[in-house]
Amino acid sequence: MVYKYVCFVMKISKQNAAEFQKKLEAWYSVRHRKLPWRETQDPYKIWISEIMLQQTTVQTVIPYYREWMKHFPDMLTLSRAPLQKVLKVWQGLGYYRRAKNLHKASHIIMSDFNGQIPQNYEDLKNLPGFGPYTTAAVLSIAFDEPYLAIDANIRRILMRLLKWPRKASSSIDKKLHPFFSPLLPRINMGIFNQALMELGSQVCRPKNPLCLLCPVFDFCGAYKDGKQEVIPIPEKRSYNKIEAVIAIIEKNGKFLIQKRPSIGLLADLWEFPGGKLEKGETAEIALKREIREELGVEIYEERFLTKVQHSYTQFQVTLYALSCSIKMDPVLDKNHHRWVSLEGMREFPFPSGSAKVIKFLETRMEGNRRR
Ligand code: SF4
């Protein structure tokens, strides 16, 4: 099945494999970002950077990498450091198991490998924290060994080159390997891998890939068929869907906003009063109930303004914004409620859904001014 794709799309010969490598490497030599771990051939430093970069963006990693190198510039220093210090320097990078594995592996490398990162696949992959990707990345970048390091970026590129309509998952890496073996260079494997990584993050992006800037678009099956946006098949996120209503209560050019609790969802952000629709409620009925419960006042007039949708990590919300008048001023808690002008709202952090409503109010105000 897969074989069909590779034959159809790439027809790899020695000549076009060389062409592919040449184009990719030429692009990389001009376009790559200068990153601190790219200025060294020290296997220790390359290893640290590869571990830090797992599930973490380059921009986040840079200061951590620099700080790490100040505290633990080499294997010996790392192996002698107390774990508490290692964790402290790692603090904020998340996935703390990575730091613990670095520390553990440094002890083994000092005791079993004379302080040198082993240069063969079997020894390396048995060390704590070395999966197939990290092992291939360190061997290729530090030692120029011929291993293709498939991370999420490279997996996406390979699937698009092949025009392979599947969901991206590390379970398909074994199937990808054989098809790309003919493309791999005999030398400069580290550069080749880094060029693919860079291409994946700068050009062959998950959404809106910049195919016209791609050095290997001639080889790309997805590009030829206009399928780059649907390969890999996007993950369908199963969102919890919520409907909520918010009250836009205006007095003397200012709007009533309130602060969310300090724990839980969207903690400490500001929002308009309101809340979730209960089963069977219309937005108007839910609004009256919420405002009575939250502010202890009755609404006597409401008017639909806008509806916005926003997807957060855990849920998708549809917000109905209604402008309304209230029968009397509510008793407010000054720590949790404010009357704020539209301009003043820029000083307050809002969830993105509420920010879209603010944008709507700004546009409406601008329209009113022009009339
Ligand atoms: Fe990715 Fe487009 Fe290049 Fe294909 S042509 S590898 S989809 S950037």
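See the structure shown above.
Residues numbered from 1 in each chain as written. Predicted model: local features only at pLDDT ≥ 70, side-chain atom pairs only at ≥ 80, totals over all residues. Heavy atoms only, no water.

A. Structural context of the nonpolar core. Of all hydrophobic cores here, the largest spans 73 residues; its most connected members are Tyr44, Trp47, Ile48, Trp68, Leu161, Leu176 and Phe180. The dominant element in this core, judged by the number of residues it contributes, is helix α9 (residues 132–143), at eight residues. Formed by 22 residues, the second largest nonpolar core is a distinct cluster that contains Phe272, Phe315, Leu342 and Phe350. (Core = buried A, V, L, I, M, F, W, Y, C linked by side-chain atoms within 4.5 Å. Buried < 20%, exposed > 50% of the residue type's maximum accessible area, 1.4 Å probe, protein only. Helix = DSSP H or I, 4+ residues; strand = E, 2+ residues; numbered from the N terminus.)

B. Highlighting the packing of helix α3 (residues 43–52) against α9. At a minimum axis separation of 10 Å, α3 and α9 run at an interaxial angle of 145 degrees. You can see that α3 and α9 cross each other, and the crossing is right-handed. Together, Pro43, Ile46, Trp47, Glu50 and Ile51 of α3 and Tyr133, Thr134, Ala137, Val138, Ile141, Ala142 and Phe143 of α9 make up the contact between the two elements. (Axes fitted to C-alpha atoms, helices over the stretch in contact; angles between N-to-C directions. Left-handed = near helix turned anticlockwise from the far one by under 90°. Contact = heavy atoms within 4.5 Å.)

C. Representation of the side chain of glutamate 290 in the model. Among the structural elements, glutamate 290 can be located in helix α14 (residues 283–295). Non-local contacts of glutamate 290, meaning those with residues more than four positions away in its chain, are made with Gly274, Gly275, Lys276 and Leu295.

D. Representation of the site of the ligand in the model. If you check the shell around the ligand, you find Arg160, Val203, Cys204, Cys211, Cys214, Phe217, Cys220, Tyr223 and Gln228 and nothing else. Class assignment of the residues belonging to the shell around the ligand gives a composition of seven nonpolar, one polar and one charged. (Near = heavy atom within 4 Å. Nonpolar A, V, L, I, M, F, W, Y, C, P; charged D, E, K, R; others polar.)

E. Broad picture of the pairing of strand β6 (residues 315–326). Most of β6 sits inside the fold, with 11 of its 12 residues counted as buried. In this structure, strand β1 (residues 240–251) lies alongside β6, joined through 10 bridges in parallel fashion. Paired with isoleucine 246 across the bridge in β6 is alanine 321. Looking at chain direction, strand β5 (residues 299–311) and β6 are connected through 11 bridges and run antiparallel. From the neighbouring strand, arginine 303 faces β6, where its bridge partner is serine 323. (Pairing = 2+ DSSP bridges.)

F. Structural view of helix α12 (residues 189–202). For α12, which comprises 14 residues, the first-to-last C-alpha distance of 20 Å matches the rise-based estimate of 20 Å (1.5 Å per residue) to within 8%. Burial of α12 is extensive: 11 of the 14 residues sit out of reach of the surface. For α12, every residue scored as buried is listed here: Met189, Gly190, Phe192, Asn193, Gln194, Ala195, Leu196, Met197, Glu198, Leu199 and Gly200. (Expected span 1.5 Å × (residues − 1).)

G. Spatial organisation of the packing of aromatic side chains. Under the counting rule described, the total for this entry stands at nine aromatic pairs. Pairing tyrosine 121 with tyrosine 147 gives two aromatic rings, centres 5.0 Å apart and planes at 35 degrees, and the pair type is tilted. In this pair, tyrosine 121 is assigned in helix α8 (residues 121–125) and tyrosine 147 in the loop between α9 and α10 (152–162), connecting sequence segments 26 residues apart. In this structure tyrosine 121 comes out as partly exposed when scored by relative accessible area, which is 22%. Judged by centre distance (5.4 Å) and plane angle (75 degrees), the ring pair of phenylalanine 217 and tyrosine 223 falls under edge-to-face. Taking the relative accessible area as the measure of exposure, tyrosine 223 reaches 27% and is therefore partly exposed. A connected cluster of aromatic rings, assembled from ring pairs, spans Phe20, Phe192 and Phe219. (Phe/Tyr/Trp six-rings, centres within 6.5 Å; stacked < 30°, edge-to-face > 60°.)

H. Main features of the pattern of salt bridges. Per the counting criterion, the structure on display carries 17 salt bridges. Across the pair arginine 289 and glutamate 278 runs a salt bridge whose closest N-O atoms are separated by 3.8 Å. One end of the pair, arginine 289, is in helix α14; the other, glutamate 278, is in the loop between β4 (274–276) and α14, with 11 residues separating them in the sequence. Classification of arginine 289 by relative accessible area gives buried; the value is 12%. (Salt bridge = Lys/Arg side-chain N within 4 Å of Asp/Glu carboxyl O.)

I. Local environment of the packing of helix α6 (residues 83–90) against helix α7 (residues 97–112). Axis separation between α6 and α7 bottoms out at 10 Å; the angle between their running directions is 135 degrees. The angle between α6 and α7 places the two elements in the oblique class. Every pair of crossing elements has a handedness; the one defined by α6 and α7 is right-handed. For the pair formed by α6 and α7, the contact residues are Leu83, Val86, Leu87 and Trp90 on the first element and Arg98, Ala99, Lys100, Leu102 and His103 on the second. (Parallel < 35°, antiparallel > 145°, perpendicular 65-115°, else oblique.)

J. How the structure looks around the pairing of β1. Sheet analysis places β1 next to β4, joined by three bridges and oriented antiparallel. Residue pairing in the sheet places isoleucine 246 in a bridge with glycine 274 of β4. Bridge analysis of β1 against strand β2 (residues 254–259) gives two bridges, and the strand direction is antiparallel. Pairing of glutamate 250 across the sheet is with phenylalanine 255, part of β2. Where β1 folds back on β2, the antiparallel hairpin that results is connected by two residues, among which asparagine 252 adopts a positive phi of roughly 50 degrees.

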